[in-house]
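Structure assessment
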There are 2 protein chains.
Amino acid sequence: MANRTGQGPARAPRRADGLSRELIIRTAIDMLDSGGEKALTLRALTVRLRTGYGAIYHHVADKDDLLAAAADQVITGVTASTADGSSDPRTALRALALSLFDAIDAHPWVGADFSRQPWRPALLDFYESVGRLVGDLGVQHEARFDAAGALVNYVLGVAAQNAANARLLAGGAADRETFLENAAQQWAQIDPGRYPFVHAAATHLSEHDDREQFLVGVDIFLAGVATLR
Amino acid sequence: MANRTGQGPARAPRRADGLSRELIIRTAIDMLDSGGEKALTLRALTVRLRTGYGAIYHHVADKDDLLAAAADQVITGVTASTADGSSDPRTALRALALSLFDAIDAHPWVGADFSRQPWRPALLDFYESVGRLVGDLGVQHEARFDAAGALVNYVLGVAAQNAANARLLAGGAADRETFLENAAQQWAQIDPGRYPFVHAAATHLSEHDDREQFLVGVDIFLAGVATLR
DNA sequence: ACACGTGTTGGATCGTCGCTCCATTCGTGG
DNA sequence: CCACGAATGGAGCGACGATCCAACACGTGT
C-alpha cells in the first residue's frame with residue numbers, strides 16, 4: 001500500500017527552498033547562456049529545478065512569458081549603467097549603444113528574442129535615452145523620432161546578426177578561430193567576377209572586429225544626424 | 001485480401017502531376033503568406049499537396065531548408081529590379097533599400113527568417129549591390145565594408161521590427177486601425193514624467209508611416225556616409 | 001486540538017510538432 | 001520483359017509546450 005487511495009502515484013517530498021518566479025528566471029537565463037535557445041525546454045527546467053510543470057506554470061504564464069522576462073532581466077540596467085549625464089550627447093550615445101551591444105553579445109539569445117517580441121519595457125528605457133540624447137544633439141520635432149528610431153533599429157539589426165552568428169558558432173564549429181576560417185574559405189570561393197565586393201569583404205573577414213564595425217556604424221549614423229540639425 | 005502480403009496498409013494511388021521542389025516551395029510561400037510562420041507545418045503541407053512526408057523530404061532536406069528556400073525565392077529579383085544603373089548612386093541606394101523593405105513588408109515572415117539564418121545567397125546580391133553603390137558614392141577601402149554592413153544591418157533591423165509588428169497584427173487585432181489605436185492608447189498611458197520622449201512618440205504614432213520613416217533612416221545613413229568621403 | 005481553505009507543488013497526460021523509416025509504386029534502360 | 005533506382009505515401013518515434021488534478025503545507029478560525 002503505497003498510498004491511501006491506491007490510485008495516485010508515489011510523490012517526491014516537497015522542495016524545501018521556495019520556488020519563485022525570480023529563481024525560475026535566473027535558472028532560465030543560465031540555461032540559455034550555456035546551451036542556447038534550444039537548450040531551454042520546460043522539461044529540462046523541471047529537471048534542473050527538481051520540480052514539475054505545475055510549479056513552474058504557477059509562477060510563469062507560458063514559455064514566451066519566461067523568455068521575455070529573461071530578456072528584460074538581462075537588458076535592465078544597461079541604460080542605468082551609462083546614464084551619468086556628465087559627458088556630451090555624442091559620447092553618451094556611443095556608450096549607450098555599445099552597452100546594449102555588449103549585453104546582447106554576452107547573451108546572444110536576447111537578440112533573437114527581441115526580434116520576436118519588440119518594445120519590451122526594458123527597451124523603452126533604451127528608446128527613451130536615445131531620444132533624449134538625440135534631442136540634446138540639437139535634433140527637433142519629428143526628426144527626433146525618425147533619428148532615434150533609425151538608431152534603435154540599427155542596433156537591433158546588428159544584435160540580430162550577432163545572435164545569428166553566435167548560433168552558428170555554438171552549433172557546428174569547435175571554436176571561433178576555425179569557424180572564421182571556414183566562413184572565410186566559403187566566402188573566398190564566391191565568384192570574384194560576379195561578386196567583387198563580397199569577395200573583397202571576405203578577405204577582410206579575419207582581421208575584422210564586430211564591436212569596432214558596430215561603432216563605426218554608430219558614428220556614421222551620428223554624422224548623418226548632425227546634418228539634420 | 002486487400003493486398004498481396006497482407007501486411008502493408010492500403011495505399012492511395014500515386015499522384016498524377018509531378019511533385020517538385022519548386023512546387024513545394026511555392027506552396028510553402030503561399031501558406032506562409034496567408035497564415036504566418038506558425039501556419040507552415042509539414043503536416044499541413046502534406047494535406048495541401050495531398051502527399052506524404054517521404055515525398056516532401058525527398059525534395060527538401062528539412063524545414064529550415066524549406067524556409068530558407070522560400071525566403072530566397074521571395075528576395076531573388078529584388079536587386080535585379082532596381083539595377084538599371086542609370087540613376088546616381090544615392091537614388092539607386094534608396095530604391096534598392098526600399099525594394100527590399102517592400103518585399104519583406106509584403107512577406108513579413110522573411111524578416112524573421114533572415115534574422116535566423118543570415119547571409120543567404122539572395123542577400124549576397126543585396127550586399128554586393130550596396131557595396132558597389134557605396135563605392136560609387138566615393139567611399140574607399142575598409143570604410144566601404146563598414147558603411148555597407150551598417151546599411152544592410154539597418155535594413156534588416158527595420159525588417160525584423162516590421163515582421164514582429166505584422167505578427168502582432170495577424171494575431172489578436174482585427175485590422176490595422178484598431179491595432180494602432182490600442183497601441184497608441186497603451187503608449188499614451190506611459191508615465192510622461194519618466195518617459196517624456198516615448199510619450200511624445202506615442203502621440204505621433206497614428207500619423208506615422210513605416211515606409212517613410214524607413215526612408216528617413218536611409219537618408220540619415222547616406223548623409224553620414226557622405227562625411228566619410 | 002482540529003478542521004478548513006488557499007496558495008503551492010509534482011507529474012501523468014494530451015495534442016502537435018519535425019522527422020525517420022520502410023513498404024510500395026512508377027519509369028526506364030538493358 | 002524485367003531489374004533497378006528514383007519517387008511516393010504513411011505509420012510511428014521521440015520531444016515539445018501546455019493542461020489538469022491529486023497531494024501537500026500552512027495560516028486561520030473555532
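Since this is a predicted model, take the numbers as computed values, not measurements. (Residues numbered from 1 in each chain as written. Chains lettered and ligands numbered in written order. Predicted model: local features only at pLDDT ≥ 70, side-chain atom pairs only at ≥ 80, totals over all residues. Heavy atoms only, no water.)

1. Here's the deal with the packing of helix α1 (residues 21–35) of chain B against helix α4 (residues 63–75) of chain B
All names here are of chain B. Direction vectors running N to C along α1 and α4 enclose 80°, while the axes themselves pass 9 Å from each other. Accordingly, the angle class assigned to the pair α1 and α4 is roughly perpendicular. Touching Arg21, Glu22, Ile24, Ile25, Ala28, Ile29 and Leu32 of α1 are Asp65, Leu66, Leu67, Ala69, Ala70, Gln73 and Val74, all from α4. The class makeup of the residues in the contact of α1 with α4 is 10 nonpolar, 1 polar and 3 charged. (Axes fitted to C-alpha atoms, helices over the stretch in contact; angles between N-to-C directions. Helix = DSSP H or I, 4+ residues; strand = E, 2+ residues; numbered from the N terminus. Parallel < 35°, antiparallel > 145°, perpendicular 65-115°, else oblique. Contact = heavy atoms within 4.5 Å. Nonpolar A, V, L, I, M, F, W, Y, C, P; charged D, E, K, R; others polar.)

2. With respect to the UniProt feature "DNA-binding region" (unreviewed entry) in chain A
The UniProt feature table records "DNA-binding region" (unreviewed entry) at residues 41–60 of chain A. Annotated as 75% helix and 0% strand, the span residues 41–60 of chain A places its first and last C-alpha atoms 14 Å apart. (UniProt positions renumbered as here; feature names shortened; annotations may be inferred.)

3. Overview of the relation of the copies chain B and chain A
Superposition record for chain B on chain A: RMSD 0.1 Å, screw rotation 180°, translation along axis 0.0 Å. One copy is carried onto the other by what is essentially a two-fold rotation axis. Both copies contact each other with a shared surface, as 100% of the interface residues of chain B are interface residues in chain A too. (Least-squares fit on C-alpha atoms with pLDDT ≥ 70 in both.)

4. Some words on helix α6 (residues 89–106) of chain B
Taking 1.5 Å as the rise per residue, α6(B) with 18 residues should run 26 Å; its terminal C-alpha atoms sit 25 Å apart, in good agreement. Taken together, the buried positions of α6(B) are occupied by Pro89(B), Ala92(B), Leu93(B), Leu96(B), Ala97(B), Leu98(B), Ser99(B), Leu100(B), Phe101(B), Ala103(B) and Ile104(B). (Expected span 1.5 Å × (residues − 1). Buried < 20%, exposed > 50% of the residue type's maximum accessible area, 1.4 Å probe, protein only.)

5. Focus: the interface of chain B and chain A
The partner chain A presents 48 residues to the 48 residues of chain B that form the contact. Interface of chain B and chain A: buried area, both sides summed, is about 4300 Å²; carbon and sulfur atoms make up 69% of it. Here chain B and chain A share 0 salt bridges between them. Elements with a minimum of two residues in the side of chain B that touches chain A: α8 (121–136), α9 (141–171), α11 (196–203) and α12 (210–226) of chain B. No other element matches α9(B), which puts 18 residues into the side of chain B that touches chain A. (Buried area = accessible area lost by both parts, 1.4 Å probe. Salt bridge = Lys/Arg side-chain N within 4 Å of Asp/Glu carboxyl O.)

6. Brief notes about the packing of aromatic side chains
Counted by the stated rule, this structure contains 13 aromatic pairs over all chains. Taking 4.6 Å as the distance between ring centres and 20° as the angle between the ring planes, the aromatic pair formed by Phe101(A) and Phe214(A) counts as stacked. With Phe101(A) in helix α6 (residues 89–106) and Phe214(A) in helix α12 (residues 210–226), this residue pair connects regions lying 113 residues apart in the sequence. On the basis of relative accessible area, Phe101(A) is assigned to the buried category, the value being 6%. With centroids separated by 5.7 Å and ring planes inclined at 5°, the aromatic side chains of Tyr154(A) and Phe214(A) adopt a geometry described as stacked. Taken together, the positions of Tyr154(A) in helix α9 (residues 142–171) and Phe214(A) in helix α12 put the pair 60 residues apart, joining distant regions of the chain. Phe214(A) matches Tyr154(A) in its accessibility class, with the two residues each being buried. These aromatic residues form a ring-pair network of at least three members: Phe101(A), Tyr154(A), Phe214(A), Phe221(A), Phe101(B), Tyr154(B), Phe214(B) and Phe221(B). (Phe/Tyr/Trp six-rings, centres within 6.5 Å; stacked < 30°, edge-to-face > 60°.)

7. Remarks on the pattern of salt bridges
Residues and elements named next belong to chain A. Counting across every chain of the model gives 20 salt bridges over all chains. Of the charged contacts in the structure, one is a salt bridge between Arg211 and Asp102, with a shortest N-O distance of 2.4 Å. Residue Arg211 is located in helix α12, and its partner Asp102 is located in helix α6; the two are separated by 109 residues in the primary sequence. By relative accessible area, Arg211 is classed as partly exposed at 36%. A relative accessible area of 30% places Asp102 in the partly exposed class. One network of salt bridges, with partners in common, ties together Glu37, Asp113, Arg116 and Arg167.

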